[in-house]
Amino acid sequence: MVAMATTDTTDTESAGSTTAAAPPAAANSLTARRPAIELPESRGYRVKKRILGPALTTDQLEHERLGIPTAVAVFSSDCISSSAYATEQILTVLIGAIGIAAFSLVVPITFALIVVLMFLILSYRETIKAYPTAGGAYMVTRDNFGLLPAQVAGVALLTDYILTVAVSVSAGTAALVSLVPSLGAWSVIISVGFIAIIAGGNLKGVRESGLVFAIPTYFFIGMGALLLTMGFFKWFNGDLSMLHPGMAHGHWPAGSITRHGGPGNGLLYGAALFVVLRAFASGGAAVTGVEAISNGVTAFRKPEWLNARKALFIMGGTLGTLFLGLSLLSTKVKPAVFTSGTPTVISQIAQEVFGGRNALYGAMQIATLLILVLAANTSFADFPRLASFHAGDNFMPKQLTKRGHRLVFSNGIIALAACAAGLVIVTDAKVDRLIPLYAIGVFTSFTLSQAGMTKHHWTKREPGWKHGIWINGIGAVLSFVVDIIIAVTKFTHGAWFVIILVPVMVALLVRLNRQYEAEADELEHEARAAAAAPVLRRHVVIVAVDRLDNSAARAIQYARALVPDELRAVHAAVDMRAADELAQEWTRLGLSRVPLEIVECADRRVPRSLAEVVAQELADGDTEVTVLVPQRQYRRSWHQLLHDNTSKHIVEALAGLPHANVTIVPYQLSARRATGEHAAERAAAAHHNDAEGDSEVHA
Amino acid sequence: MTFLQRWRERGADQCWPHDEETSAATNPVLRMTARAVPIAETQLRTPVVVTGKVTSVRVQPRAGVPTLDATIVDETGRLVVTFLGRRHIGGIEPGRKIVVEGVIGDARGRAQMLNPIYRLL
């Protein structure tokens with residue numbers, strides 16, 4: 001008895017033996033533990049648990065409140081990391097068109113982008129204040145313009161989250177390949193590997209814990225600051241020189257991008273303006289990620305919106321400084337842009353500034369790699385959450401609202417990883433092929449959310465609304481203009497794909513929404529009246545019996561527990577001889593007085609015959625029919641393949657009949673311990689004979 | 001009944017017209033079937049002859065009251081034929097055609113013929 005009370009139920013052996021113990025004494029028969037019924041976990045779940053760790057309970061869903069330094073680390077990696085490739089993307093476009101003169105245009109274009117960044121940050125200051133709880137373009141747009149524009153903003157953002165992952169991971173791989181050139185052949189595999197690792201980490205539910213984020217982010221910021229300081233120091237001392245001296249005389253390094261067409265530094269001939277705009281559009285990638293803070297205001301310490309605003313400024317300042325500094329240094333170092341993507345521009349600058357491929361250079365590359373991987377990681381937090389908003393509004397499959405094993409939106413994470421990996425494979429992990437797709441989505445959502453904010457100010461007229469209208473109005477117009485510039489200048493380079501994709505996706509989501517709404521309408525229509533409808537007069541229970549075995553016996557036992565008005569077993573006679581034998585056995589065993597009906601089944605369609613029997617019972621319109629289908633539960637999935645799935649077909653055949661209900665009565669094969677029936681048998685045996693009961697349990 | 005119909009319903013070995021079968025005067029089964037009416041046209045509490053196919057047979061286990069229920073179906077309807085005191089009757093099984101003669105009663109809203117005279121066809 002003592003052993004029984006202290007036995008741990010999770011231990012299967014000891015739990016089994018408790019059932020064999022002597023019947024409990026009357027005194028504490030109420031407190032004594034009942035014979036334990038095991039609930040074995042499926043193999044799939046055990047594997048999942050081994051990989052992901054134990055499931056998190058829902059009450060563990062809490063948000064860590066972040067201080068400003070940690071918050072900057074958590075939210076700004078996406079934004080700040082773009083400085084690692086933005087200058088290179090501007091140069092890629094410019095050098096291809098105007099050769100060495102490119103370096104005189106980098107800084108003005110960088111300035112233009114920093115102006116855009118400034119306005120976006122000013123605009124987002126307003127958003128953070130107005131929507132401190134659930135910010136983000138989707139919510140702002142939905143609140144001010146309704147569901148349909150919100151879908152546009154949301155889909156545009158979702159596409160960009162996918163691209164953020166693809167671009168960041170590809171750029172991170174490029175940083176790695178710059179450091180270790182021999183890895184160049186493996187860049188696609190390395191990129192996909194990074195995506196898999198990040199997705200795995202997120203499925204495991206990597207908390208947004210500060211340290212994990214703080215180290216790489218501040219490492220990169222620190223290395224960037226060191227690079228800029230040393231670079232400018234050397235520059236003023238006259239120690240900084242061109243990396244490829246031959247470039248001044250038209251000798252470009254092998255494998256680098258050179259100017260198409262003839263010589264000359266003609267800045268403003270031909271399609272020069274178009275080229276400048278396209279370079280600007282490519283650099284627009286730098287500005288992406290600004291929205292991250294407005295999505296996560298709730299994670300800040302109180303007062304949330306004030307802290308978020310400060311973090312926004314720190315982030316913008318850091319990005320602006322790094323971006324501008326790198327662009328300035330590039331005018332002096334004049335790095336080549338290689339068609340293979342490596343060595344990257346930033347690595348060439350680092351090589352020159354740090355005086356060769358030394359430890360500092362290596363540290364810079366590692367820092368770049370880490371922050372880029374981290375930037376990809378922020379998408380893994382944002383994409384699933386945004387997708388869950390869509391799904392919550394019935395615009396995306398409901399599965400996306402489900403939190404998985406580790407309290408994260410597992411389906412969203414898997415979807416994002418799959419899309420990003422596909423994109424990386426298609427583009428061969430080349431950043432310059434991904435960039436044309438990038439930034440359109442994000443600027444579309446900027447435009448919509450800033451316009452939404454303008455409308456918000458106009459309708460709410462809170463204090464300072466005139467000021468707000470100006471800021472958000474300019475922000476909206478500016479974002480729109482940038483969006484148009486990106487769409488037009490990069491249309492033929494791949495932007496067309498996004499421009500087509502977004503409306504198609506929105507149409508798809510709207511269609512999905514119609515379906516969900518129609519279903520909900522039908523389900524909810526007069527649900528109250530349906531619940532109050534009178535119960536039908538008669539209840540007939542039919543047990544579908546194939547042969548007389550344990551699974552059928554189990555179903556009959558259950559059927560008797562239902563206490564119906566009429567109960568009978570039905571056998572569809574495919575083989576008349578088998579039916580005869582069944583009938584004889586049935587008569588002999590006298591199974592609890594349950595009659596057996598043998599139904600003709602000349603065409604061997606068992607489900608159809610059963611459906612006919614049920615339809616016969618339903619004919620009076622005042623009968624509820626329950627069909628019990630014994631179903632064998634196989635312990636291994638391949639065991640299932642050894643049998644036909646008649647029970648499933650029976651369920652399908654009866655699905656359409658009103659007031660016909662199908663209940664599966666499971667019978668666990670080769671898992672005797674699992675069924676209550678056998679537990680009861682065991683217990684009974686134990687009562688009679690301890691030793692015998694014991695041996696049966698362990699058998 | 002045309003040859004083709006007989007062939008369809010009884011199978012090849014039974015469809016040839018034999019003398020004793022064809023003559024209603026000498027064959028009691030044929031005398032019975034000749035009087036059969038469609039199930040839909042039967043009336044309660046009057047002696048009637050019905051012919052049709054057994055579509056299902058209900059077997060009562062030993063513990064219960066010995067009863068055998070068979071459902072007979074023709075083109076017009078269905079009828080439950082109940083043999084009290086029997087658990088099993090050779091030949092009365094799903095798919096067989098039989099002819100029964102008896103009185104139809106109302107058993108809780110369903111037509112039921114108790115202990116009829118029957119012949120297997």
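Above this text is the structure in question.
Since the structure is predicted, the reported quantities are computational estimates derived from the model, not experimental observations.

Trainee: Any chance you could explain the interface of chain A and chain B here in plain terms?
Mentor: Often the size quoted for an interface is simply the accessible area lost on bringing the parts together. Taken together, the contact between chain A and chain B spans 20 residues of the former and 18 residues of the latter. Of all residues in chain A, the largest losses of buried area upon contact with chain B belong to Thr-587, Arg-593 and Glu-600 of chain A, amounting jointly to 32% of the total for that side. Summed over the shared surface of chain A and chain B, the result is three salt bridges. When the shortest N-O distance is used, the salt bridge between Lys-53 of chain B and Glu-600 of chain A registers 3.1 Å. Counting across the chain A and chain B interface gives six residue pairs in polar contact (both at pLDDT 80 or more). Those elements giving two or more residues to the side of chain A that touches chain B turn out to be β2 (566–573), α23 (576–589), β3 (596–600) and α24 (606–618) of chain A. Where β3 of chain A and strand β1 (residues 47–59) of chain B come together, four bridges link them in antiparallel fashion. Looking at the pairing, Ile-598 of chain A lines up with Val-57 of chain B of β1 of chain B.

Trainee: I'm lost on the packing of aromatic side chains in this one. Help?
Mentor: Within a pair of aromatic rings, the relevant descriptors are the distance that separates the centres and the angle that separates the planes. Applying the stated criterion across every chain, the model contains eight aromatic pairs over all chains. Judged by centre distance (6.0 Å) and plane angle (75°), the rings of Trp-458 of chain A and Trp-465 of chain A are edge-to-face. Aromatic pair Phe-83 of chain B and Tyr-118 of chain B: ring centres 5.4 Å apart, planes at 80°, arrangement edge-to-face. One end of the pair, Phe-83 of chain B, is in strand β3 (residues 78–84); the other, Tyr-118 of chain B, is in strand β6 (residues 117–120), and 35 residues separate them in sequence. Exposure remark for Tyr-118 of chain B: the relative accessible area of 24% places this residue in the partly exposed category. Ring-pair connections join several aromatic residues into one group, and the members of that group are Tyr-124, Phe-443 and Phe-446 of chain A. The cationic tip of Arg-461 of chain A hangs over the ring face of Trp-458 of chain A; the distance from NZ or CZ to the ring centre is 4.2 Å.

Trainee: In this structure, what is going on with the side chain of Arg-568 of chain A? I would like to understand it.
Mentor: Considering the arrangement of structural elements, one finds Arg-568 of chain A in strand β2. One polar contact links Arg-568 of chain A to Glu-597 of chain A, side chain to side chain, over a distance of 2.3 Å. Polar contacts involving the side chain of Arg-568 of chain A include one to the side chain of Glu-617 of chain A, which spans 2.8 Å. The contact partners of Arg-568 of chain A, leaving out residues within four places of it in the chain, are Val-540, Val-541, Ile-542, Val-543, Val-594, Pro-595, Glu-597, Val-613 and Glu-617 of chain A together with Arg-58 of chain B.

Trainee: Where do I start with the pairing of β3 of chain B in this structure?
Mentor: In regular strands, side chains alternate between the two faces of the sheet. All names here are of chain B. Direction of pairing for strand β2 (residues 67–73) relative to β3: antiparallel, over a ladder of seven bridges. Bridge pairing links Thr-71 to Val-80 in β3. In textbook terms, the turn of a hairpin is the stretch between consecutive antiparallel strands, and for β2 and β3 this stretch comprises four residues. Strand direction decides the pairing type here: β3 and strand β5 (residues 110–114), joined by three bridges, are parallel. Counted as the bridge partner of Val-80 is Gln-112 from β5.

Reading the values: the criteria
- Residues numbered from 1 in each chain as written.
- Chains lettered and ligands numbered in written order.
- Predicted model: local features only at pLDDT ≥ 70, side-chain atom pairs only at ≥ 80, totals over all residues.
- Heavy atoms only, no water.
- Contact = heavy atoms within 4.5 Å.
- Buried area = accessible area lost by both parts, 1.4 Å probe.
- Salt bridge = Lys/Arg side-chain N within 4 Å of Asp/Glu carboxyl O.
- Polar contact = N/O pair within 3.5 Å; in protein donor to acceptor, adjacent residues only side chain to side chain.
- Helix = DSSP H or I, 4+ residues; strand = E, 2+ residues; numbered from the N terminus.
- Pairing = 2+ DSSP bridges.
- Phe/Tyr/Trp six-rings, centres within 6.5 Å; stacked < 30°, edge-to-face > 60°.
- Buried < 20%, exposed > 50% of the residue type's maximum accessible area, 1.4 Å probe, protein only.
- Lys NZ or Arg CZ within 6 Å of the ring centre and 35° of its normal.

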